[in-house]
Amino acid sequence: MKQNSSLFRKKTVEQILKDANSGEHGGLAKILGVRDLVSLGIAAIVGAGIFSTIGLASFNGGPAVSLLFVFTAIACVFTALSYAQFASTVPVSGSAYTYAYVAFGELFAWIIGWALILEYAVSNMVVAISWSEYFVSMLKGFGITLPGWLTINQETASEAFAKMQSMGVAELSAYERFAANAYETAPRIGDFAIMLNLPAGIVTLLITALVYIGIRESRTASNIMVVLKIGVVLLVIIAGAFYVKPENWTPFAPNGAKGVLSGVAAVFFAFIGFDSISTTAEECKNPQRDMPKAMIYCLIICTVLYVLITLVLTGMVNYTELKVSDPLAFVFQQNGLDFMAGVISVSSVIAITSALLVYQLGQPRIWMTMSRDGLLWKRFSKIHPKYQTPSFATIVTGFVVGIPALFFKMDFFVDLTSVGTFFAFILVCAGVLYLDHKGISAQSKFRVPYLNGKYLVGILLVVAIIGLSIYGQEVVAEWAALSAAEIVEHKLLTIIFWITWAVLSVMSFKYNFSILPVAGILTNLYLMTELGSSNWLIFAIWLAIGLVIYFSYGYKRSKLAQ
């Protein structure tokens, strides 16, 4: 098949660099150094995850969730090394989309680009909704109470109202009582209650305006907010350490491994964001040198902070009390430190804003890069002549994030974010194996440390199978009790995980694959098996929509097809 008509036509590194520097669409301002990249990375990682979803993860898994943070961080380190190698080889905007174009060809590049659009959009919806909850709480601390129907989505409120009707007010939590009351008092058109999360929509609008104005302004705002954010986290760790009761750490894993792993989506959501650094490669002064450093620094700093703060939270109050949307402020309230809780609530509003800023910065650059390759409409690659930002793509991103944030609940988005992210991470790790195999890694200014996995990948598979047979009787018994249909529905991804490991064992033996990218593929794939099947269904629908757009527009208009 000819290169220009193939679904798997690839761009060379030289082509990508030439297109990025051609000036056809205008250039981006190159002003970011390693400190700015680390700041943007921390801004993205230390966001809604640590200020919101960490409470739910701790509620399900207990203090042992701190170990899940370590395990997830290890998976992210393998992935970050792979991202760093690609970023030093192909220093342009586009992140995993651009990397897939080099390694796997256009169809895979489109799929991963479309998945990244979902990841960044959904992540920002979660962050915007979390920001709204902290903002409303902060206003209440100053004696300002917004009407409930302007601060909550209809689904959450109607569920709380239905629960109140069936179980009574006494059985509702404080937040559920607020939600039920908001539903009762909301203005109506007929039987339809008018409800929307107005603060989430407004903050998305304001952040979009900041991102539109320029990377320099965004960088300055991010740096200021990151300093404040780290200050808040350190304050919680240091001040909270004096109120830790060691008995709260017993039992360490009250719901066993299953309870700990149920928090995978929430914990992993707390880490996604380091890949957003790679979307700013074209605005980096020395991407080959600074990108790898920034990614590794971010992960180390954030992992230490996450483990410490999880231990402090679960030590200050019993894990069963942490099913709240603002856990950092909550634990101080429970210990009678209302002033500290107030300080944290105010600071958290600013801190979460920085995460919103970085995600809103990353997504337009994905749109822009796909458009530059001819796969999306030309307007998405338009660079503002004054602000030197992807202007049209930024405006579209504002609508894509802001409108759903007005009307949907946060729980719906958290797992869905992780599906697209894991998918992107696996392809990036696999892409490094391709670069090594084809010799393209010789062009990389940074390379993933090479550890020959020729025998090791297969040996570890045998050890894992033996360990499962000896120590995993409960898992084996659970599988034995399932019907064939139930195994396909609930355990299909687990089956794929073991098959993938076996295939990688054979390929590692044949091609001398490096163990680190292989470990990245397997750890990310394993974490994927812990996500719900409903999220996979929604993700599949999203991909189907993307493929329709690709085959109806991008396939014919791709620059490689010309």
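Residues numbered from 1 in each chain as written. Predicted model: local features only at pLDDT ≥ 70, side-chain atom pairs only at ≥ 80, totals over all residues. Heavy atoms only, no water.

Draft legend 1. Focus on the pattern of salt bridges. What the rule picks out here adds up to 4 salt bridges. Residue Lys-11 pairs with Asp-373 through a salt bridge whose shortest N-O separation is 2.6 Å. Of the two residues, Lys-11 is situated in the segment before helix H1 (13–20) and Asp-373 in the loop between helix H15 (338–372) and helix H16 (391–407); the sequence distance between them amounts to 362 residues. Each member of the pair, Lys-11 as well as Asp-373, is classed as buried. (Salt bridge = Lys/Arg side-chain N within 4 Å of Asp/Glu carboxyl O. Helix = DSSP H or I, 4+ residues; strand = E, 2+ residues; numbered from the N terminus. Buried < 20%, exposed > 50% of the residue type's maximum accessible area, 1.4 Å probe, protein only.)

Draft legend 2. How the structure looks around unusual backbone geometry. Here the amide bond leading from Thr-250 into Pro-251 is cis, since omega sits at -5°, within 30 degrees of zero. By the element assignment, Pro-251 lies in the loop between helix H10 (215–241) and helix H11 (256–261). The backbone of Asn-512 shows a phi angle near 55°, a positive value even though the residue is not glycine. Residue placement: Asn-512 occurs in the loop between helix H20 (484–511) and helix H21 (515–528).

Draft legend 3. Summary view of the side chain of Ser-371. One can find Ser-371 in helix H15. Classification of Ser-371 by relative accessible area gives buried; the value is 4%. Of the polar contacts made by the side chain of Ser-371, one reaches the backbone oxygen of Trp-377; its length is 2.7 Å. Side-chain polar atoms of Ser-371 contact the side chain of Ser-381, separated by 3.1 Å. In contact with Ser-371, other than residues within four places in its own chain, are Leu-376, Trp-377, Lys-378, Arg-379, Phe-380 and Ser-381. (Polar contact = N/O pair within 3.5 Å; in protein donor to acceptor, adjacent residues only side chain to side chain. Contact = heavy atoms within 4.5 Å.)

Draft legend 4. Here's a closer look at the packing of aromatic side chains. Under the defined criterion, the tally for this structure stands at 27 aromatic pairs. Plain terms: the ring middles of Tyr-83 and Tyr-99 are 6.0 Å apart, the flat faces sit at 75° to each other, and that makes the pair edge-to-face. Taken as a pair, Tyr-83 in helix H4 (residues 65–89) and Tyr-99 in helix H5 (residues 96–103) lie far apart in primary sequence, 16 residues in all. A residue is classified by how much of its surface remains accessible, and Tyr-83, at 0% relative accessible area, is buried. Here a set of aromatic residues connected by ring pairs shows up, and it is made of Trp-110, Trp-114, Trp-542, Tyr-550, Phe-551 and Tyr-555. The lysine or arginine in question, Lys-11, covers the ring of Tyr-101, its NZ or CZ lying 5.6 Å from the ring centre. (Phe/Tyr/Trp six-rings, centres within 6.5 Å; stacked < 30°, edge-to-face > 60°. Lys NZ or Arg CZ within 6 Å of the ring centre and 35° of its normal.)

Draft legend 5. Geometry of the packing of helix H9 (residues 198–213) against H16. Orientation of H9 relative to H16, taken along the N-to-C sense of each, is 170°, at an axis distance of 8 Å. By the criterion of interaxial angle, the relationship of H9 to H16 is roughly antiparallel. Across the interface between the two elements, Leu-198, Ala-200, Gly-201, Thr-204, Thr-208, Val-211 and Tyr-212 of H9 pack against Ser-391, Thr-394, Ile-395, Gly-398, Val-401, Gly-402, Ala-405 and Leu-406 of H16. (Axes fitted to C-alpha atoms, helices over the stretch in contact; angles between N-to-C directions. Parallel < 35°, antiparallel > 145°, perpendicular 65-115°, else oblique.)

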